[in-house]
Amino acid sequence: PAGLVPGIALHLGRYGVAWGCVGIGDSCMEASFRYGRERSQFGAALDEHQLIQRMLANMVADVRAARLLCLEAGRLRENRDGTAIQATLIAKYFAADMANRVASDTVQIHGAKGVSGAWPIERHFRDARAMTIIEGSSEIHQIMIAEHGRAEYQRPAYLSE
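Reading the values: rules and limits
- As a convention, each chain's residues are numbered from 1 in the sequence order in which they are written.
- For a predicted model such as this one, the threshold for reporting local features is a pLDDT of at least 70, and the threshold for listing and counting side-chain atom pairs is 80 or more; totals across whole chains, interfaces and linings nevertheless cover every residue.
- To get the side-chain values, all heavy atoms of the structure are used, and hydrogens and water are removed first.
- Note on geometry: axes are C-alpha line fits, over the in-contact stretch for helices, and angles between N-to-C directions span 0 to 180 degrees.
- Labels follow the DSSP assignment, with helices taken as runs of H or I lasting at least four residues and strands as runs of E lasting at least two, numbered in each case from the N terminus.
- Every angle not falling under 35 degrees, over 145, or within 65 to 115 is termed oblique; those three ranges are roughly parallel, roughly antiparallel and roughly perpendicular.
- By the definition used in this description, the sense in which the near helix is turned from the far one sets the handedness, with an anticlockwise turn below a right angle giving left-handed and a clockwise turn giving right-handed.
- In this classification, the charged set is Asp, Glu, Lys and Arg, the nonpolar set is Ala, Val, Leu, Ile, Met, Phe, Trp, Tyr, Cys and Pro, and all remaining amino acids, among them Gly, are polar.
- Detection works on a 1 Å grid of protein atoms alone, calling trapped sets that fit a 1.4 Å probe cavities and calling open sets with protein on both sides within 12 Å along at least five of seven lines pockets, with lining residues defined by an atom within 4 Å of a point.
- Grid points are joined across faces, edges and corners, and a volume is the space filled by probe spheres set on the points.

1. Some words on the packing of helix 2 (residues 50–78) against helix 3 (residues 84–110)
In helix packing, the relevant descriptors are the interaxial angle and the interaxial distance, both defined with respect to the helix axes. Closest axis-to-axis distance for the helix 2/helix 3 pair is 9 Å, and the angle between their directions is 160 degrees. By the criterion of interaxial angle, the relationship of helix 2 to helix 3 is roughly antiparallel. The hand of the helix 2/helix 3 crossing is left-handed. Classifying every residue of the contact of helix 2 with helix 3 gives 20 nonpolar, 3 polar and 4 charged.

2. What about the layout of surface pockets?
Of the voids in this model, the largest pocket is the one considered here, and its volume is about 270 Å³. Lining of the largest pocket is provided by 10 residues; of these, Ile8, His11, Arg77, Arg80 and Ala84 occupy positions nearest its centre. A per-element tally of the lining of the largest pocket places helix 1 (residues 8–38) first, with 3 residues. Grouping the amino acids of the lining of the largest pocket by side-chain chemistry returns 5 nonpolar, 2 polar and 3 charged.

Right, here's the structure in full:
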């Protein structure tokens, strides 16, 4: 329709993908915490091992950070702020990267069960990888974010003398 901003569908798609990544992260994190409590290894629950705790802690921080980036992008979009497109790019880029890290750690925690078709983790792992490609690859997002950053953080005149 007339009056639509060029690329608005791609922008909306990126916003949806970012939230989808948060969903993948949430699902993987929940499965990891549940499995970590249920599975014992070397006489202790899996989630009592420090390396597993590190993975779980990173999941919590990454998923929450991605959610906050998505919320910020949504708020800016709702307010028709000029920085909404940049915020959405960052949210999609970070959330897709987060989903891959969290899904990978979830597979690691679950071992062979993590790649079994009987568990949803294998699907989350594949879906997370796809999120780095659809609606613009992560590499394209890096370029676009850097271009926005270069424009936003130009060296002040007093430093270029």
